[in-house]
Amino acid sequence: MHVKNIIIFSTLILGFWACQNRSQRPIDYVDPMIGTDGIGHTFPGATVPFGMVQLSPSNDFKSWNWCSGYHYSDSVLKGFAHTHISGAGLAGLGDILLMPMVGEVKLNPGTEEDPESGYRSRFSHDREKASAGYYSVMLDDYDVHVELTASERVGCHRYTLGKEGRLNVIIDPTHNIMEKVLDTGVEFLSETEFRGYKKCDGEAGERTVYFYAKFSKPVSGYGLAKDDEIITEVFKLNGNNTKAFVQFDLQSDEALEVQVALSFVSYKGAKANYEAEVKGNSFEETLAEAKHKWSEKLNKIHVKGTSESDKRIFYTGMYHSFISPNLVSDVDGKYWLEGKAYPSKIPQYSNYSTWDTYRALNPLFTIIEQGKTAEFVNSLTSRYTETKVGLPVWECLGHDNVCMIGYNAVSPLADAALKDIPGIDKEKVYQAVRAAAMSLEKHSPNYDKNGMAEYIRLGYVPAELNCAVSKTTEQNYYDWCISQLAKKLGNQNDAALFAERSMGYKNLYHPVKKFLYSKYTTGEWREMNPKVWDDLIANYVSGNIWGYSAYVPHDVNGLIELMGGKEVFALWLDDIFADTTQIGGHTHVDISGFIGKYGHGDEPSQHMPYLYNYAGQPWKTQEKVRQVINDFYFDLPDGLVNNDDLGQMSAWYIFSSMGFYPVCPGDMKYIIGSPLFKEVVLNLENGKQFKVKAKNKPKENIYIQSVMLNGQPYTKTYLTHDQIMDGGELICIMGSTPNKDWGTKQGDLPYAKVDLNKNQSALPKITYKPYDKDNSEVFEGSRRIELTCHTSNAKIYYTLDGRTPNKRSGAYKKPIIISKTSNLKAIAYANGMEQSFIYERTYYAGRRFAELEKGFPKITLLNESKKFGDADGSMLLDLEIGSESFNDSRWTGFDGEDMVATIDFGQPISINNVSIGYLSNTGVWIFPPSSVRISVSMDNDNYNTIGYQKLNFSQEEMGKPFLRRQDFQLGRTEARYLKVKVNNFGLVPDWHAAAGHKGWLFVDEILIN
């Protein structure tokens, strides 16, 4: 259909709907303001489903709550930018900002505290409106009414003056949300056309966005500026701070319309996108088409009954679910990926937050959005089959920032292929997912090295690396998905291989603790205090031991057997939901929405309410699902308990309020919960409908009494994918009290179990690593090293000179005695098994102060550590040395501050040497110190500096994480007090995305001799 015909048709449809009862229109229930307050991280602006453009009010990044560029607490706006991420836990984008203003032209935005100092404006939520495909606000300082809408690749603005006058439109390509702007350009093309670009670096990598702007009337004036200084008589400027303004003389209530087309490839692409999508269209026509596109999506599910509030939550959840992934290819098929432009015969998408979305959002798409599912799968698959960059971990506008863990794109790819979604090449999908499961790359800057080399050999990621449990269980599930797809394609060898790999979690099951704990390559458990968040964060992504100990969706029944049966498992779940004990330390930002220790704001836990069905107690699933719905979802700006994660939080609500949920994407089952609405109708793309009806006031009566499927009694507590796609009707009779008979027989329970053949095992087939049971790393005088190995009859070999040990190295036969700082490496061999991993430990010669009075030495900090390490600085003297991983629970971190530690020995002592360790990991804002100063005193008032070192590091040095120690040889110095001052790096340099801010300082273990 021609674009003009679509517009006319859309306008007629909208006119028809306007005459109908508004309560029958799903689009009327969408409130994009939901999630803009609190930590929801959504944006309120205009977009179309899966579009390239997200045109929304945008402010500078101030803190984590401004990841989307907007927060409901704002009362001042900087302008309106064309790209934003919906509900993410990371910040980025904010491309090409426009801001209308009147009066004196100002090219500097000024400050929120003093908006008059720049082009910002105050606004009120009372004069702000948002709906699907539309946003408007009154700029109070200028009396300008701003309206926004969008097509896929074009943002459309309409500015209306309150009175006759001159309107200035600021064009600011320097605006960004936590990115480093490298270069910009602006160019005046004609009296109605402008174009420009922004080159930047951030979560989307180093990239360039081009724009083409078309105005609805000729300009009456314009100007270009560099460093906010207007340069006259030029048509084109470039540099790292170029901006422009255009001026228009408008009558009272006259509107100016602006169409801004984007391309991540070229100017040519931006112009072509404009011509293909909006050329010749008015704002109203584009808005009508945007509304039509949203209605088409939202009409895929119709809900009836319950409150208007529930409908607003539901349809806003659908709206948020259809924003991402986002189109990144131009109309000619070109797109940008990992620093290079590629042609494509298929639509290309990005902003794949699949670690979050594979759990519910992608499975939702396989039911009601199969056409787009095929496009997403083909786009992702092409990362391996066409461009050879491999499947991404978290891809933002064509760049994999690897901010999460595991090869999580496997799940949505395999799930779609297993469900036979039309338009997918299963063999190509399999090639891509298998390669991802064998890759040793993709290390997260946030969660340590991926540990794939160890995982492939051991069956689990070992405790030597952080977040080992999360990495293991996630990858176990992905491997199961690959196994299922291999089986479907007839590859029995791979099916067996990946089935065996999927069982590695069993190595981490602690039979005494009844949780999954990190385990070293030595076979020893990693010590952990589950009552301290810092310890938990080192073992689990987002710190959630409870969610990840239950995260074996492909082998729930195997976990049940480990725990001792269904009754024991149900009681274990009961204890988690009922455990309200307090946990000390610093809570991870993504842990929220608690029912006991269940955290709904943390995606890996979101399947847990449904696990009662596997244990034969479905009424508890019904109870817990409703508790989550009632406690954590509201139709208010702070109506999300955590960031929406590109639709995952919303998709959980959509599934759960309909009455079923995909605990294990790929197994074709949806676990039945407690339907909220009286009727849900899924309009499937195959022309069929699947209906869920809940009778007897389901809003109040949460427990299922009986079920009918297609007119027949139904006692199973799950549905299959085919049952839904074949169409039909599920009727649930609800009641106020649990029915403990329905769905409790063995044949009615969902079953998830991986059965290995007799030649397969999840246990390690390699020799355990030898180790020193004494964990102390600092010794005084001499140190006795006794090595042991948990593999019986293993032989140990070692070196002390830095060389890699082998069978030709010294054989360990008796304890090793050292008297100076030494680096030990050891390896073990056992008959019939692979050699062990290499054990390595540095033993530091340092004073332990056994001769001091009880309670000494004492340490005090001038600036307390507020998030990493104990606030009192005690970890700086705990005789444990921090590793290269910032979240190993050994580092003491200071946010933008210096570390000033004063140590009181209680009596004068002789000090010969002082050493302090520090970390650099600029990818997570940790910078090395600028200097270190050592001072001593007898009275704690008069200090003498006896050691000082100014430190300098190049950009190249800081490009990769490193750990170093600064040593000071002091001779024999007598002192009672020692002061160690480690100065923060200072302002982050211009080459970093956080330029202008102060970074973190991470220090550990002050060694004294």
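(A) The overall build of the protein chain, seen in detail. Counting its secondary structure elements, the protein chain contains 20 helices and 54 strands. In terms of overall dimensions, the protein chain is globule-like: its C-alpha atoms have a radius of gyration of 30 Å, near the 30 Å expected for 1009 residues. In the protein chain, which comprises 1009 residues, the share counted as buried stands at 62%. Partitioning the intrachain contacts of the protein chain with sequence separation of at least 6 by distance along the chain shows that 70% fall at a separation of at least 24. Carbon and sulfur atoms make up 48% of the accessible area of the protein chain, which amounts to about 36700 Å² in all. In the protein chain, which carries 107 positive and 124 negative side-chain charges, the distance between the mean positions of the two groups comes to 6 Å.

(B) Region of interest: a nonpolar patch on the surface. There is a patch of nonpolar side chains on the surface, built from Met438, Leu440, Ile456 and Leu497 and spanning about 290 Å² of accessible area. Here methionine 438 is to be found in helix α9 (residues 426-438).

(C) Examining the sheet that holds strand β33 (residues 679-683) more closely. Reading across from one edge, β20-β33-β34-β38-β35-β36 is the order of the six strands in this open sheet, with mixed pairing throughout. Lying at the two open borders of the sheet, with one neighbouring strand each, are β20 (301-304) and β36 (712-713). Of the strand pairs in this sheet, β20 and β33 are connected by four bridges, and their pairing is antiparallel. Bridge assignment links histidine 302 to a residue of β33, and that residue is valine 681.

(D) Fine view of the pattern of salt bridges. Inspection of every chain in the model, using the stated rule, returns 61 salt bridges. Here aspartate 494 makes a salt bridge to arginine 434, at a shortest N to O gap of 2.6 Å. Of this pair, aspartate 494 sits in helix α12 (residues 492-501) while arginine 434 sits in helix α9; the two residues are 60 residues apart in sequence, bridging distant segments of the chain. Glutamate 500 is the partner of lysine 765 in a salt bridge, and the nearest nitrogen-oxygen pair spans 2.7 Å. Taken together, the residues span a long stretch of sequence, with lysine 765 in the loop between β38 (728-735) and β39 (771-772) and glutamate 500 in helix α12 at a distance of 265 residues. Looking at lysine 765, the relative accessible area reads 46%, which means it is partly exposed. Exposure remark for glutamate 500: the relative accessible area of 18% places this residue in the buried category.

(E) Seen up close, the packing of aromatic side chains. A complete count under the given rule lists 52 aromatic pairs for this structure. Consider the rings of tyrosine 210 and tyrosine 267, whose centres lie 5.2 Å apart with planes at 70°: the pair is edge-to-face. With a gap of 57 residues between them, tyrosine 210 in strand β14 (residues 205-215) and tyrosine 267 in helix α2 (residues 267-277) connect regions that are remote in the sequence. Overall, tyrosine 210 belongs to the buried group, its relative accessible area being 19%. Accessibility expressed as a relative area gives 21% for tyrosine 267, which makes it partly exposed. Taken together, the ring pairs in this structure connect Tyr610, Tyr633, Trp652, Tyr653, Phe655, Phe660, Tyr661 and Tyr670 into an aromatic cluster. Positioned above the aromatic ring of tryptophan 355 is the side chain of arginine 359, whose terminal nitrogen or guanidinium carbon lies 4.7 Å from the ring centre. Residue placement shows arginine 457 over the ring face of phenylalanine 837; its charged tip is 4.4 Å from the ring centre.

(F) Quick look at the nonpolar core. Judged by nonpolar contacts, the single largest core of 223 residues is most densely connected at Phe80, Phe194, Ile301, Phe314 and Met658. Top element by residues in this core is helix α11 (residues 468-488). It accounts for nine residues. Membership of the second largest hydrophobic core comes to 42 residues, among which are Phe894, Ala901, Ile903 and Ile1008.

(G) Quick peek at unusual backbone geometry. For the bond from serine 324 to proline 325, the omega torsion is 0°, close enough to zero to count as cis. For proline 325, the location among the structural elements is in the loop between α4 (308-321) and β21 (326-327). With an omega of 0°, the peptide bond between phenylalanine 856 and proline 857 qualifies as cis. Phi at asparagine 710 is positive, roughly 55°, even though this residue is not glycine. With respect to the helices and strands, asparagine 710 occurs in the loop between β35 (703-709) and β36.

(H) Local environment of the sheet that holds strand β46 (residues 822-829). Within the open sheet, the five strands sit side by side as β40-β47-β46-β43-β44. Their pairing is mixed. Edge positions in the sheet fall to β40 (778-779) and β44 (810-811), since each has one partner strand and no second. Here β40 pairs with strand β47 (residues 839-845) via two bridges, running parallel. Looking across to β47, one finds that phenylalanine 779 is bridged to alanine 845.

(I) Region of the structure containing the packing of helix α6 (residues 361-368) against helix α7 (residues 370-385). Following both chains from N to C, one finds α6 and α7 inclined at 130°, their axes separated by 6 Å at the closest point. It follows from the interaxial angle that α6 and α7 lie oblique. Listed contacts from α7 to Phe365, Thr366, Ile367 and Ile368 of α6 are Gln370, Thr373 and Phe376. Its residues assigned to classes, the contact of α6 with α7 comprises four nonpolar, three polar and no charged.

(J) Region of the structure containing the state of the cysteines. In this structure the tally under the stated criterion is zero disulfides. With no disulfide of its own, cysteine 403 has cysteine 396 as its nearest cysteine by sulfur position, at a separation of 8.8 Å. Exposure remark for cysteine 403: the relative accessible area of 9% places this residue in the buried category.

(K) The arrangement of the side chain of arginine 526 in detail. Looking at the secondary structure, you find arginine 526 in the loop between β28 (515-516) and α13 (533-537). Buried and unpaired, arginine 526 has no salt bridge, with aspartate 888 as the nearest side chain of opposite charge at 6.4 Å. The residues touching arginine 526, leaving out its near neighbours within four places in the chain, are Ala463, Leu465, Asn466, Tyr517, Ser518, Tyr520, Ala538, Asn539 and Asp888.

(L) Here's a closer look at the packing of α6 against helix α18 (residues 648-658). Orientation of α6 relative to α18, taken along the N-to-C sense of each, is 55°, at an axis distance of 8 Å. If you check the angle between α6 and α18, you find them oblique. Each of Leu361, Pro363, Leu364 and Ile367 in α6 lies in contact with α18, whose residues at this interface are Gln648, Ala651, Ile654, Phe655 and Met658. Grouping the constituent residues of the contact of α6 with α18 by class yields eight nonpolar, one polar and no charged.

(M) Structural detail: the pairing of strand β18 (residues 242-250). Counting buried residues in β18 gives eight out of nine residues, a clear majority hidden from the surface. Alignment of strand β11 (residues 165-172) against β18, held across seven bridges, turns out to be antiparallel. Opposite asparagine 168, over in β18, you have glutamine 247 as the bridge partner. In this structure, strand β15 (residues 221-226) lies alongside β18, joined through six bridges in antiparallel fashion. Its bridge partner being in β18, leucine 224 is matched across the sheet by alanine 244.

Criteria and cut-off values
- Residues numbered from 1 in each chain as written.
- Predicted model: local features only at pLDDT ≥ 70, side-chain atom pairs only at ≥ 80, totals over all residues.
- Heavy atoms only, no water.
- Helix = DSSP H or I, 4+ residues; strand = E, 2+ residues; numbered from the N terminus.
- Rg over C-alpha atoms; globule rule 2.2 N^0.38 Å.
- Buried < 20%, exposed > 50% of the residue type's maximum accessible area, 1.4 Å probe, protein only.
- Contact = heavy atoms within 4.5 Å.
- Areas by Shrake-Rupley, 256 points an atom, 1.4 Å probe, with all protein chains shown as cover.
- Lys, Arg positive; Asp, Glu negative; His and termini not counted.
- Charge placed at Lys NZ, Arg CZ, Asp CG, Glu CD.
- Patch = residues over 30% accessible without salt bridge, like charges linked within 9 Å, V, L, I, M, F, W, Y side chains within 5 Å.
- Salt bridge = Lys/Arg side-chain N within 4 Å of Asp/Glu carboxyl O.
- Pairing = 2+ DSSP bridges.
- Phe/Tyr/Trp six-rings, centres within 6.5 Å; stacked < 30°, edge-to-face > 60°.
- Lys NZ or Arg CZ within 6 Å of the ring centre and 35° of its normal.
- Core = buried A, V, L, I, M, F, W, Y, C linked by side-chain atoms within 4.5 Å.
- Axes fitted to C-alpha atoms, helices over the stretch in contact; angles between N-to-C directions.
- Parallel < 35°, antiparallel > 145°, perpendicular 65-115°, else oblique.
- Nonpolar A, V, L, I, M, F, W, Y, C, P; charged D, E, K, R; others polar.
- Disulfide = S-S within 2.5 Å.

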